[in-house]
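Chain and residue survey
Given next are the chains, with one letter for each unit.
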Amino acid sequence: MSALPADTEVPWDLLAKHLAGEATATEQEQLRMWVAARPERLGLLTDATRAWERVGAAPVADLFSDAEVEAAWQRFRPQMLAKLVPDDGLQVSDNQIYTKEHLPRQPKIVPINRPSTQSWLRIAAALALLIGATVLFRMYSGQSRSGAEPVAVRTGAQKRLVALPDGSKVWLNHHSTLQYAADFSRGPREVHLVGEAFFEVRKDHGRPFTVLSATSRTQVLGTSFNVRAYKAEDSVEVAVVTGRVAFASLAQQRDTVLLTPGKRGILYAANGAAPVRATPRRTVVQDTNFRAWQNDELVFENARLSHVLRTLRTTFGTKITVADPRLLEYRFTGTFHSPDPAQVLQVVGAATNAQLTGDPASGYELRPE
């Protein structure tokens with residue numbers, strides 16, 4: 001057996017293998033020993049496991065077996081029941097709390113707003129294998145009442161696929177944030193979006209799925225659609241691929257627009273920071289490449305150069321100017337897989353007899369040859 005890392009180090013390789021379900025029996029035992037050696041390490045293991053499962057990864061296998069938990073339950077149960085008798089004379093049984101003066105006669109149940117004692121004690125027994133009863137009671141009294149933090153997924157320069165607890169999938173574009181409640185699988189199916197995302201929502205007729213931006217509300221049952229809601233832009237756009245979508249302004253939700261496949265909803269603001277007051281408009285999807293950022297494909301068929309350049313600006317944020325406005329009327333047909341803006345512009349320039357100059361940082365220019 002290889003040596004464990006020093007106490008001041010975290011065995012990230014073992015932890016990663018455990019979360020991914022790839023740890024060998026020897027590696028699992030090493031991780032168990034490392035966690036058991038220091039009580040505070042349980043917090044790291046718990047946080048890592050929750051973070052792993054909240055982003056939609058497969059559930060993590062328990063580090064301790066049911067037999068070990070049951071043995072701990074039998075061992076710690078009497079101590080826990082005795083320690084859970086508070087100073088005010090309350091005594092705890094497996095599922096209820098009784099006052100001492102009522103114990104000799106018919107018990108009087110005193111309800112409390114906590115999980116059932118037996119359920120908590122069984123969980124506590126598993127944790128007691130690591131940290132002992134004293135720390136457990138401190139943990140129980142100080143942390144169990146606090147609400148769980150919402151789950152936030154953020155992207156920088158990279159896109160990301162997020163699997164939600166209900167089976168829905170979300171493709172998150174660059175520089176975007178998706179946030180949802182920690183109890184998403186049991187509570188309302190509601191997410192908050194800043195940026196752009198493509199959703200494939202799993203049907204659940206009893207629980208609609210809602211996407212909230214700073215100014216809009218999009219609600220569905222089961223469908224696929226794209227939402228673009230960047231803070232720097234003065235509009236929110238929703239384009240539907242399958243199913244039906246109800247799109248509304250947060251300021252005037254009674255003016256809801258129903259969107260079907262091939263339709264687009266757009267909501268304008270006076271400026272990027274102001275609340276939206278206008279009602280949403282329904283139009284036909286004009287740019288079939290609205291999913292290019294998600295499916296990595298650009299398709300142009302007899303498209304004006306003005307349309308091609310607008311698509312590159314929207315999809316990649318590419319800065320492009322033309323030296324002669326007449327170039328914008330040229331037509332272009334082409335398909336690009338895993339497109340790179342510079343590559344697309346080079347091909348477009350060759351097809352329209354235009355010279356391409358510039359770079360990604362300062363921007364590009366197309367000039368007639």
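Residues numbered from 1 in each chain as written. Predicted model: local features only at pLDDT ≥ 70, side-chain atom pairs only at ≥ 80, totals over all residues. Heavy atoms only, no water.

Here we take up helix α1 (residues 12-20). Every buried residue of α1 is accounted for by Leu14, Leu15, His18 and Leu19. Taken around the axis of α1, the buried residues stretch over an arc of 130 degrees, which confines them to a single face. Exposed positions of α1 whose direction lies more than 90 degrees from the buried face are Trp12 and Asp13. After α1 finishes, the residue glycine 21 shows a positive phi value of roughly 75 degrees. (Buried < 20%, exposed > 50% of the residue type's maximum accessible area, 1.4 Å probe, protein only. Helix = DSSP H or I, 4+ residues; strand = E, 2+ residues; numbered from the N terminus. Arc of directions from axis to C-beta.)

Of the voids in this model, the second largest pocket is the one considered here, and its volume is about 560 Å³. In this structure, the second largest pocket is lined by 22 residues; those nearest its centre are Glu237, Arg264, Asp287, Phe290 and Thr314. Residue assignment for the lining of the second largest pocket shows that the elements contributing at least two residues are β10 (224-229), β11 (235-242) and α7 (305-316). Among the elements that line the lining of the second largest pocket, the one with the most residues is α7, at 6 residues. (1 Å grid on protein atoms, 1.4 Å probe; cavity = no way out; pocket = protein on both sides within 12 Å on 5 of 7 lines; lining within 4 Å. Points joined across faces, edges and corners; volume = space filled by probe spheres on them.)

Scanning the model with the defined rule gives 10 salt bridges in all. Of the charged contacts, one joins arginine 304 and glutamate 329 as a salt bridge, the two residues approaching to 3.2 Å between their closest N and O atoms. Separated by 25 residues along the polypeptide, arginine 304 in strand β16 (residues 297-304) and glutamate 329 in the loop between β17 (320-322) and β18 (331-337) bring together distant segments of the chain. Of the charged contacts, one joins aspartate 324 and arginine 326 as a salt bridge, the two residues approaching to 2.8 Å between their closest N and O atoms. It is possible to trace a salt-bridge network through shared partners that takes in Glu196, Arg228 and Glu233. (Salt bridge = Lys/Arg side-chain N within 4 Å of Asp/Glu carboxyl O.)

Here we come to the pairing of strand β7 (residues 189-200). Walk down a regular strand and you will see the side chains alternate between the two sheet faces. One ladder, built from 4 bridges, connects strand β5 (residues 169-172) with β7; its direction is antiparallel. If you follow leucine 172 over to β7, its bridge partner there is alanine 197. Pairing analysis gives 4 bridges linking β7 to strand β8 (residues 209-212), with the strands arranged parallel. Within β8, the position partnered with histidine 192 by the bridge is leucine 212. When β7 meets β10, the two strands line up antiparallel, connected through 6 bridges. Bridge pairing in β10 places phenylalanine 198 opposite asparagine 226. (Pairing = 2+ DSSP bridges.)

Moving on to the side chain of threonine 318. Inspection of the secondary structure puts threonine 318 in the loop between α7 and β17. Among the residues examined, threonine 318 registers a relative accessible area of 10% and is labelled buried. Residue contacts for threonine 318: discarding those within four places in its chain leaves Leu312, Arg313, Pro341, Leu345 and Tyr364. (Contact = heavy atoms within 4.5 Å.)

The next point concerns the sheet that holds strand β20 (residues 363-368). Here 3 strands make up an open sheet; going across it, the order is β17-β20-β19 and the pairing mixed. Either end of the sheet is taken by a strand with one partner, and the two such strands are β17 and β19 (354-359). Between one strand and the next, the sheet's axes are offset by a mean angle of 20 degrees, whatever the strand orientation. The pairing of β17 with β20 spans 3 bridges and is classified as parallel. Bridge pairing links valine 322 to leucine 366 in β20. Against the sheet, α7 touches β17 and β20, its axis set at about 160 degrees to β17. Of the strands in this sheet, β17, β19 and β20 are in contact with helix α8 (residues 341-351), which crosses β19 at around 160 degrees. (Axes fitted to C-alpha atoms, helices over the stretch in contact; angles between N-to-C directions.)

Below, the discussion takes up the pairing of β8. Both faces of β8 are covered, namely the face carrying Phe209 and Val211 and the face carrying Thr210 and Leu212. Relative to strand β9 (residues 216-220), β8 runs antiparallel, the two sharing 4 bridges. Following the sheet pairing, phenylalanine 209 is matched in β9 by valine 220.

For helix α2 (residues 25-37), which comprises 13 residues, the first-to-last C-alpha distance of 18 Å matches the rise-based estimate of 18 Å (1.5 Å per residue) to within 8%. Considered for burial, the residues of α2 that qualify are Glu27, Gln28, Gln30, Leu31, Arg32, Trp34 and Val35. (Expected span 1.5 Å × (residues − 1).)

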